[in-house]
Structures are given as structure tokens and as C-alpha cells.
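Single-letter residue listing:
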Amino acid sequence: LKAAADAAGNVFYFEFDSFVLTEQTRAALLAHAEYLKAAPRSLRLEGHADERGSREYNMALGEKRAAAVKDFLASQGVSSAVEVVSFGEEQPAEKGHAETSWSKNRRVELK
């Protein structure tokens, strides 16, 4: 189960201006959910946004993204303690002012 969770990765990406989980993200989170049910541990979900939008909007969007991941894991029976944090646009994964960078910055990191 750990190998499957590791293979699924710990970064989940989102579409522009959205906190809806993609099918790819749901599939990856299923692997994590199975592992977390077998080996519960505390989690930290860090939500991020790209630079477009106000700082306040992006903080809220990052939080909604992390909460969407938390809710999905809970719906799969994960009972781990989960901390939700938003960094908005403050910690970009990739610098740049184009879609190639923005798409890497719209994410939730599971830690």
C-alpha cells in the first residue's frame, strides 16, 4: 500500500480558478486513502494558487483546494488528523508568468 501511495505522488494539481478534484487526483488520493487507513498518521495539506487574482482570493482558493482533498480522504474512510493550510500564491512551485508555470502552482501538497 505504501508503494502505491508513493507512486501516486504527493502533489495534486487543479484547473484554473477551481477546487474540483480531477479524475487523476481522485485516483491518486484513493491510493493514499488505502495506505492511510492501514497506517494512520497526521497529515498536513498545503493549498496553493497561481499568481492571478488578489492575495485574499488566492488564500481562500488554496484553502478550498486543501479542504477538497481533506473531504475526499474523509469520504474514503481516512480518520487521520488533517491540518489544512493555505499559502495562496506565496510559495510558487515554479516562477514565471505563463500557463506552464501557473499550472504547476495550482496545487495541494500532502505532507
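Details of the structure are given in the entry above.
Quick notes on the rules
- Residues numbered from 1 in each chain as written.
- Predicted model: local features only at pLDDT ≥ 70, side-chain atom pairs only at ≥ 80, totals over all residues.
- Heavy atoms only, no water.
- Helix = DSSP H or I, 4+ residues; strand = E, 2+ residues; numbered from the N terminus.
- Buried < 20%, exposed > 50% of the residue type's maximum accessible area, 1.4 Å probe, protein only.
- Contact = heavy atoms within 4.5 Å.
- Polar contact = N/O pair within 3.5 Å; in protein donor to acceptor, adjacent residues only side chain to side chain.
- Pairing = 2+ DSSP bridges.
- Axes fitted to C-alpha atoms, helices over the stretch in contact; angles between N-to-C directions.
- Core = buried A, V, L, I, M, F, W, Y, C linked by side-chain atoms within 4.5 Å.
- 1 Å grid on protein atoms, 1.4 Å probe; cavity = no way out; pocket = protein on both sides within 12 Å on 5 of 7 lines; lining within 4 Å.
- Points joined across faces, edges and corners; volume = space filled by probe spheres on them.
- Nonpolar A, V, L, I, M, F, W, Y, C, P; charged D, E, K, R; others polar.

Trainee: Please clarify how the environment of R52 should be interpreted in this entry.
Mentor: Along the polypeptide, R52 turns up in the loop between β2 (43-48) and α3 (55-75). According to the relative accessible area criterion, R52 is partly exposed, its value standing at 26%. Between the C-alpha atom of R52 and that of L36, which follows or precedes it by 16 residues, the distance is 34 Å. Apart from residues lying up to four places away in sequence, R52 is in contact with F16, N58, E99, W102 and R106. Within the local environment of R52, its side chain forms a polar contact with the side chain of D50, the two groups lying 2.7 Å apart.

Trainee: Hey, could you run me through the sheet that holds strand β3 (residues 82-88) in this one?
Mentor: One key point about sheets: their strands pair by backbone hydrogen bonds, in either a parallel or an antiparallel sense. Strand order in the open sheet formed by four strands is β1-β4-β2-β3, with mixed pairing between adjacent strands. Every interior strand has two partners, whereas the edge strands, β1 (11-13) and β3, have only one. Sheet twist, expressed as the average angle between the axes of neighbouring strands with direction ignored, equals 20 degrees. Relative to strand β4 (residues 107-110), β1 runs antiparallel, the two sharing three bridges. Within β4, the position partnered with F12 by the bridge is V108. In this fold helix α2 (residues 23-38) packs onto β1, β2 and β4, with an angle of close to 150 degrees to the strand it touches most, β1.

Trainee: Can you help me understand unusual backbone geometry in this one?
Mentor: Note on backbone geometry: most residues besides glycine have negative phi, and most peptide bonds are trans. Look at D17: it is not a glycine, yet its phi comes out positive at around 55 degrees. Exposure remark for D17: the relative accessible area of 41% places this residue in the partly exposed category.

Trainee: Honestly, the nonpolar core in this entry has me stumped. Any pointers?
Mentor: Where a protein is soluble and globular, its nonpolar side chains tend to be buried together. Counting 17 residues, the largest nonpolar core has L21, L29, L45, V69, L73, V108 and L110 as the members making the most contacts within it. For this core, the secondary-structure elements that each account for two or more residues are α2, β2, α3 and β4. A per-element tally of this core places α3 first, with five residues. Ignoring any residue separated from it by four or fewer positions in sequence, one finds L73 in contact with L29, A33, L36, L43, V78 and L110.

Trainee: I tried to follow the layout of surface pockets on my own but got confused; where do I start?
Mentor: Which parts of space are left empty comes out when a probe the size of a water molecule is rolled across the atoms. As a volume, the largest pocket reaches approximately 210 Å³. Contributing to the lining of the largest pocket are A8, V11, F12, Y13, F14, E15, T22, Q24, T25, A28, S103 and R106. The residue inventory of the lining of the largest pocket, partitioned by class, reads six nonpolar, four polar and two charged.

Trainee: What's the story with the environment of F16 in this structure? I'm lost.
Mentor: Positionally, F16 belongs in the loop between β1 and α2. Along the chain, F16 and R106 lie 90 residues apart, while their C-alpha atoms are 7.3 Å from each other. In this view, F16 contacts D50, R52, R65 and R106; residues no more than four positions away in its chain are not counted.

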